[in-house]
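Each chain, written out:
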Amino acid sequence: MSTSLPKAGPAPKVGIVSLGCPKALVDSERILTRLRAEGYEISPSYAGADAVIVNTCGFLDSAKKESLDAIGEALKENGRVIVTGCMGGDADAIRAAHPGVLAVTGPHQYEAVVGAVHEAVPPVHDPFVDLVPPEGLRLTPRHYAYLKISEGCNNRCSFCIIPGLRGDLVSRPVSSVLREAERLAVAGVKELLVISQDTSAYGVDLKYAEGDWYGRKVRARFADLCRELAEFDVWVRLHYVYPYPHVDEVIGLMAEGRILPYLDIPFQHASPTVLKAMRRPAAQDKTLDRLQRWRRECPPLALRSTFIVGFPGETEEEFQVLLDWLKEAQLDRVGCFKYEPVEGAAANALPGAVPEEVKQERWERFMETQKAISAARLKEKVGYTLGVLIDEVDEDGAIGRSYADAPEIDGSVFLNGETGVKPGDLVDVVIENSDEYDLWGSIERVE
Ligand code: SF4
């Protein structure tokens, strides 16, 4: 007797274009995981897809333009387009530019996006196939994954519309975050990148409620979460942390080598006047002292930050305060943006708009200053051995990252001629050379 399973029809195929920040990438991953679970296939091309989801970014006007262009391209190449993500909050603007889109949903409206896909391309049910690996589907390479611990933000920075788009801080329960981290680690992920809008505020909205973790109680609190994540024996990298006093607690974990000695802190400026106009959280006056204290406690600590130049009302004097601060802070990695008025942001109403050419000139001076700092800091690493996580390998060699380099935003470690490794390997590398952004080295060979 033969047993044959009923055959399902061909699987419907959905393409996805994911724009914007790592947080948007996590949203795309969740949507895809859900669709795969329902039997959809993911198409890598416009041509092979029955419909295309465009996950948009609406943070800056330039990002909005990029989003509208991406929607236009998807419409031209495929014709059946569902829009989601931050810019989805502004459905009128999208429909005005592209009346042909099938549906528009806002950020984190997973149910609505999936519902729109059902309508555009009905699912084929095949109960005999388990389509989703237990760790879910990820768009990042197998060996690193973003771990989103909360949505929204309680701050009200005057240049930012994220609280308007995403609402106040909503932290995930601590056991749910730990379960996801555990699943990822078991699935072979070597590096967890902890993200949110304000990572150090994690759990404030939950009043630090305890969660159950293998019979123990763990508080939904930034430092407690970091301590638990350190147990998974993978690299743990913290993004979007504000220099609140309680961050001191995680520096100890870094000094003990339990989580990566790396902090991504978006300072945005250093002049107290500009910071006040920006309505930034965490007063800046004691920040330099705090950074110095952290470095004394954990000397390898790598600090990354982003800044905005040309904010309304920024005078030459205030810009100079920023440059002096930068020289003193000696940050390892820095990104800099010229201020852009984002539609709907309170800062647009501020007087003293800075002319474009002045913004450009300040941006260039800022980058020049930081380039010299970065080059000097990288040079100090020559001659030392660093653990390097391999990202890519081809016939010329391998490219990886040290603890000081987050994927996509920081530098790389180039291992020319090292072809005997594979992505996800963690190797000890003797650093031989450096420039302003990257390092070069060879795998340490023990005689
Ligand atoms: S901290 Fe400020 S810039 Fe960051 S998401 Fe919240 S409001 Fe926006």
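Residues numbered from 1 in each chain as written. Predicted model: local features only at pLDDT ≥ 70, side-chain atom pairs only at ≥ 80, totals over all residues. Heavy atoms only, no water.

Strand order in this closed barrel of five strands is 16-17-18-20-19, and the pairing throughout is mixed. When strand polarity is set aside, the average angle formed by the axes of neighbouring strands in this sheet is 50 degrees. Relative to strand 17 (residues 397–401), strand 16 (residues 385–394) is paired through five bridges, and the arrangement is antiparallel. When the bridges of strand 17 are listed, I390 appears paired with G400. (Pairing = 2+ DSSP bridges. Helix = DSSP H or I, 4+ residues; strand = E, 2+ residues; numbered from the N terminus. Axes fitted to C-alpha atoms, helices over the stretch in contact; angles between N-to-C directions.)

One finds L238, L263, L331 and F366 to be the most contacted residues of the largest nonpolar core, which totals 58 residues. Non-local contacts of L263, meaning those with residues more than four positions away in its chain, are made with L238, V241, V247, I251, M254, W294, L301, A302, L303 and R304. By size, the runner-up hydrophobic cluster in this structure holds 21 residues, among which are W235, L378, I390 and L439. (Core = buried A, V, L, I, M, F, W, Y, C linked by side-chain atoms within 4.5 Å. Buried < 20%, exposed > 50% of the residue type's maximum accessible area, 1.4 Å probe, protein only. Contact = heavy atoms within 4.5 Å.)

Before going further, it helps to examine the packing of aromatic side chains. What describes a pair of aromatic rings is the distance from one ring centre to the other and the angle between the planes of the rings. One pass over the full model with this rule turns up 11 aromatic pairs. On the basis of an interplanar angle of 75 degrees and a centroid distance of 5.2 Å, the ring pair of F311 and Y339 is categorised as edge-to-face. A residue pair is termed long-range when its members are at least 10 positions apart, and F311 in the loop between strand 14 (302–309) and helix 11 (316–329) and Y339 in the loop between strand 15 (333–338) and helix 12 (356–379) qualify at 28 residues. On the basis of relative accessible area, F311 is assigned to the buried category, the value being 0%. What makes Y339 buried here is its relative accessible area of 7%. An aromatic cluster is present here, built from F267, F307, W325 and F366 joined pairwise through their rings. (Phe/Tyr/Trp six-rings, centres within 6.5 Å; stacked < 30°, edge-to-face > 60°.)

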